[in-house]
Amino acid sequence: MVVLEVDERIIEFTNKVAKDLNLRLRAQVFDARYALPNDLIRHFDVFACDPVETVEGCKVFISRGVSGLKYAIKLPPPILISSLTHLLIGELGVRCILD
């Protein structure tokens, strides 16, 4: 399992706990403003995210997550993605959950 995080303190803590508990997990620095590293493209079966609290931020997180999925999927047209993104906005902020 890979955890991608922009905050290096969280990465250090996550890696320490994973090592202490002998978990098959690694955390690494990732800034979602940029594309996934090539070694992570089409690497994952699933992704989960807790994006920034803007529509554009949610679109970026979904885009990065989809690019990391192993299996090619056909994305809906941008207008549908935009509508989906609007549905994910709640009073407490944006939460992207893909099953």
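The model shown is predicted, which means the values in this text are computed figures rather than measured ones.

**A closer look at the pattern of salt bridges**
Step number 1: One pass over the structure, following the stated rule, counts 5 salt bridges.
Step number 2: Its salt-bridge partner being Asp 45, residue Lys 70 comes within 3.5 Å of it at the nearest N-O pair. Residue Lys 70 is found in the loop between helix H2 (55-67) and helix H3 (78-87), and its partner Asp 45 is found in the loop between strand S2 (26-29) and H2; the two are separated by 25 residues along the sequence.

**Topic: the environment of Lys 70**
Step number 1: Under the relative-accessibility criterion, Lys 70 is labelled partly exposed at 35%.
Step number 2: One polar contact links Lys 70 to Asp 45, side chain to side chain, over a distance of 3.5 Å.

**What to know about the pairing of strand S1 (residues 2-5)**
Step number 1: Where S1 lies against S2, 4 bridges are found, and the strand directions are parallel. Each bridged residue has a counterpart across the sheet, and for Val 2 the counterpart in S2 is Arg 26.

**Points about the confidence of the model for the protein**
Step number 1: In this model, the protein carries an average pLDDT of 75, and 71% of its residues clear a pLDDT of 70 or more.
Step number 2: Within the model, pLDDT remains below 50 along residues 77-99, and this stretch shows 30 contacts once partners closer than five positions in the same chain are excluded.

Cut-offs applied
Residues numbered from 1 in each chain as written. Predicted model: local features only at pLDDT ≥ 70, side-chain atom pairs only at ≥ 80, totals over all residues. Heavy atoms only, no water. Salt bridge = Lys/Arg side-chain N within 4 Å of Asp/Glu carboxyl O. Helix = DSSP H or I, 4+ residues; strand = E, 2+ residues; numbered from the N terminus. Buried < 20%, exposed > 50% of the residue type's maximum accessible area, 1.4 Å probe, protein only. Polar contact = N/O pair within 3.5 Å; in protein donor to acceptor, adjacent residues only side chain to side chain. Pairing = 2+ DSSP bridges. pLDDT = per-residue confidence, 0-100. Contact = heavy atoms within 4.5 Å.

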